[in-house]
Amino acid sequence: MIDFTLVLGLGIDLDDEAWPAHPENTVGCGVRSMWGSRRVWQPRLVFWAGAISIRLISVLFALLADQAQALFHVVIGSAGGWRFYLPLAMTPLGFVLSA
């Protein structure tokens, strides 16, 4: 082993025996505490809960957009006439109502 005390001038013994073994670094020890720790699982659960809620909200938004488009085609109609110009009045009115 390289003697870092000469290189660094710290006077600290860096042998492997000087450092205590940590349970996280040993095989079989600390595994239960790692997997059962709230500190480990809480950020993961928050991340997955956010991902699932974003997915549900986006699907709901897409379904509502389809319903709005179907309602828009019902209001306009396919015969033409004056109902063809109805979006010109509905769009500013929608902005006024939403603000």
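Residues numbered from 1 in each chain as written. Predicted model: local features only at pLDDT ≥ 70, side-chain atom pairs only at ≥ 80, totals over all residues. Heavy atoms only, no water.

### Quick notes on the overall build of the protein chain
- Each helix and strand counted, the protein chain has four helices and zero strands in total.
- Secondary structure elements of the protein chain, listed N to C terminal, follow the sequence α-α-α-α.
- Counting across all 99 residues of the protein chain, residues that qualify as buried make up 4%.
- With an accessible surface of roughly 9,200 Å², the protein chain has 70% of that area assigned to carbon and sulfur atoms. (Helix = DSSP H or I, 4+ residues; strand = E, 2+ residues; numbered from the N terminus. Buried < 20%, exposed > 50% of the residue type's maximum accessible area, 1.4 Å probe, protein only. Areas by Shrake-Rupley, 256 points an atom, 1.4 Å probe, with all protein chains shown as cover.)

### Looking at the side chain of Ser-37
- Relative to the helices and strands, Ser-37 is located in the loop between α2 (31-35) and α3 (38-76).
- On the basis of relative accessibility, which here comes to 17%, the residue Ser-37 falls in the buried class.
- In this structure the side chain of Ser-37 is engaged in a polar contact, spanning 3.2 Å, whose partner is the backbone nitrogen of Arg-39. (Polar contact = N/O pair within 3.5 Å; in protein donor to acceptor, adjacent residues only side chain to side chain.)

### Observations regarding the packing of aromatic side chains
- Under the definition given, this model contains two aromatic pairs.
- With 5.9 Å between their ring centres and 80° between their planes, Phe-47 and Trp-48 make a pair best called edge-to-face. Across the pair, exposure class does not vary: Phe-47 and Trp-48 are exposed alike.
- Its guanidinium or amino end placed over the ring of Trp-41, Arg-44 lies 5.0 Å from that ring's centre, counting from NZ or CZ. (Phe/Tyr/Trp six-rings, centres within 6.5 Å; stacked < 30°, edge-to-face > 60°. Lys NZ or Arg CZ within 6 Å of the ring centre and 35° of its normal.)

### A short note on the confidence of the model for the protein chain
- Across the protein chain, the average pLDDT comes to 77, with 65% of residues at or above 70.
- Across the protein chain, the element-wise mean pLDDT spans from 52 in helix α1 (residues 4-8) up to 93 in α3. (pLDDT = per-residue confidence, 0-100.)

### Comments concerning α3
- An ideal rise of 1.5 Å per residue puts 57 Å on 39 residues; α3 measures up with 56 Å between its terminal C-alpha atoms.
- Measuring from the side-chain oxygen of the N-cap residue of α3 to the backbone nitrogen of Arg-39 gives 3.2 Å; that N-cap residue is Ser-37.
- Gly-77 sits one or two residues past α3 and shows a positive phi near 80°. (Expected span 1.5 Å × (residues − 1).)

### A short note on the packing of α3 against helix α4 (residues 86-98)
- Direction vectors running N to C along α3 and α4 enclose 135°, while the axes themselves pass 10 Å from each other. The orientation of α3 with respect to α4, classified from their angle, is oblique. Considering how the two elements wind past one another, α3 and α4 form a crossing that is right-handed. Listed contacts from α4 to Phe-72, Val-75 and Ile-76 of α3 are Leu-86, Pro-87 and Met-90. (Axes fitted to C-alpha atoms, helices over the stretch in contact; angles between N-to-C directions. Parallel < 35°, antiparallel > 145°, perpendicular 65-115°, else oblique. Left-handed = near helix turned anticlockwise from the far one by under 90°. Contact = heavy atoms within 4.5 Å.)

### A closer look at a nonpolar patch on the surface
- Taken together, the side chains of Phe-84, Tyr-85 and Leu-88 define a hydrophobic patch exposed on the protein surface, amounting to about 400 Å² of accessible area.
- You can see Tyr-85 is positioned in the loop between α3 and α4.
- The exposure class of Tyr-85 is exposed, given its relative accessible area of 52%. (Patch = residues over 30% accessible without salt bridge, like charges linked within 9 Å, V, L, I, M, F, W, Y side chains within 5 Å. Salt bridge = Lys/Arg side-chain N within 4 Å of Asp/Glu carboxyl O.)

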